[in-house]
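# Examining the three-dimensional arrangement
Residue strings, one per chain:
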Amino acid sequence: MVQFTGNYTQTYNENYDEFLKTLNVGFLLRKAAQASNPVMSISEEAGNWTMTTKTIVKAMELKFRLGEEFDEVATDGRKCRTTVTMDGNKLIVNQKAVRSGEKDVMDVREFTEDGLTMKWTAG
């Protein structure tokens, strides 16, 4: 089984600007996000998970229990009802936007021996 906990540094992103545009993130924040190489730390203790992501712009912390819905203010400011689940070697973050007209986001974090790959979809 692959390791989920640990520290991960972004080394590459693809189509991230387009994804951020879909969420109506402004030009300056998009450029700052792309200029950063985020570092993510993931820990778990007794079923309580913490994902901390630090960028040059800010630090974000997500605390959760697998399968339990919670309130979250996403990085882009959307208020969401969020659930994190585990499927094999993946942590799947489902953000359901609370406000009408805002997008839902699914973030699939796939863990391998080589590291972590994240794929976002907005819809």
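One can find the structure itself at the top, above this paragraph.
None of the values given here were measured: they were computed from a predicted structure.

Cut-offs applied
- Residues numbered from 1 in each chain as written.
- Predicted model: local features only at pLDDT ≥ 70, side-chain atom pairs only at ≥ 80, totals over all residues.
- Heavy atoms only, no water.
- Helix = DSSP H or I, 4+ residues; strand = E, 2+ residues; numbered from the N terminus.
- Rg over C-alpha atoms; globule rule 2.2 N^0.38 Å.
- Buried < 20%, exposed > 50% of the residue type's maximum accessible area, 1.4 Å probe, protein only.
- Phe/Tyr/Trp six-rings, centres within 6.5 Å; stacked < 30°, edge-to-face > 60°.
- Pairing = 2+ DSSP bridges.
- Axes fitted to C-alpha atoms, helices over the stretch in contact; angles between N-to-C directions.

Glancing now at the overall build of the protein. Counting its secondary structure elements, the protein contains two helices and nine strands. Listing every helix and strand of the protein by position from the N terminus yields β-α-α-β-β-β-β-β-β-β-β. Taking 14 Å as the expected radius of gyration for a compact globule of 123 residues, we find that the protein reaches 14 Å, a close match to that expectation. Counting only C-alpha atoms and orienting by the principal axes, one finds that the protein spans roughly 40 × 30 × 20 Å. Sorting the 123 residues of the protein into buried and exposed places 31% on the buried side.

Here we take up the packing of aromatic side chains. As enumerated under the stated definition, the model contains eight aromatic pairs in all. Ring centres of Y16 and F19 lie 6.3 Å apart, and the angle between their planes is 15°; on these two criteria the pair is classed as stacked. Taken together, the residues span about one helical turn, with Y16 and F19 both in helix α1 (residues 16-22) at a distance of three residues. Across the pair, F19 and Y16 agree in class, each one buried. Seen in terms of ring centroids, F64 and F70 are 6.5 Å apart; in terms of plane orientation they differ by 15°. Their pairing is stacked. A relative accessible area of 5% places F64 in the buried class.

On to the sheet that holds strand β8 (residues 105-112). Two orientations exist for strands paired in a sheet by backbone hydrogen bonds: parallel and antiparallel. A sheet is described by the order of its strands in space; here five strands give the open sequence β5-β6-β7-β8-β9, paired in antiparallel fashion. Looking at which strands have only one partner, the edges of the open sheet turn out to be β5 (70-73) and β9 (115-122). Across this sheet, the average inter-strand angle for adjacent strands is 25°, counted without regard to direction. Where strand β6 (residues 79-87) and strand β7 (residues 90-97) come together, eight bridges link them in antiparallel fashion. Paired with T82 across the two strands is Q95, which belongs to β7.

Topologically, T50 is positioned in strand β3 (residues 48-54). Considering only alpha carbons, one finds T50 and F64, 14 residues apart in sequence, at a separation of 6.6 Å.

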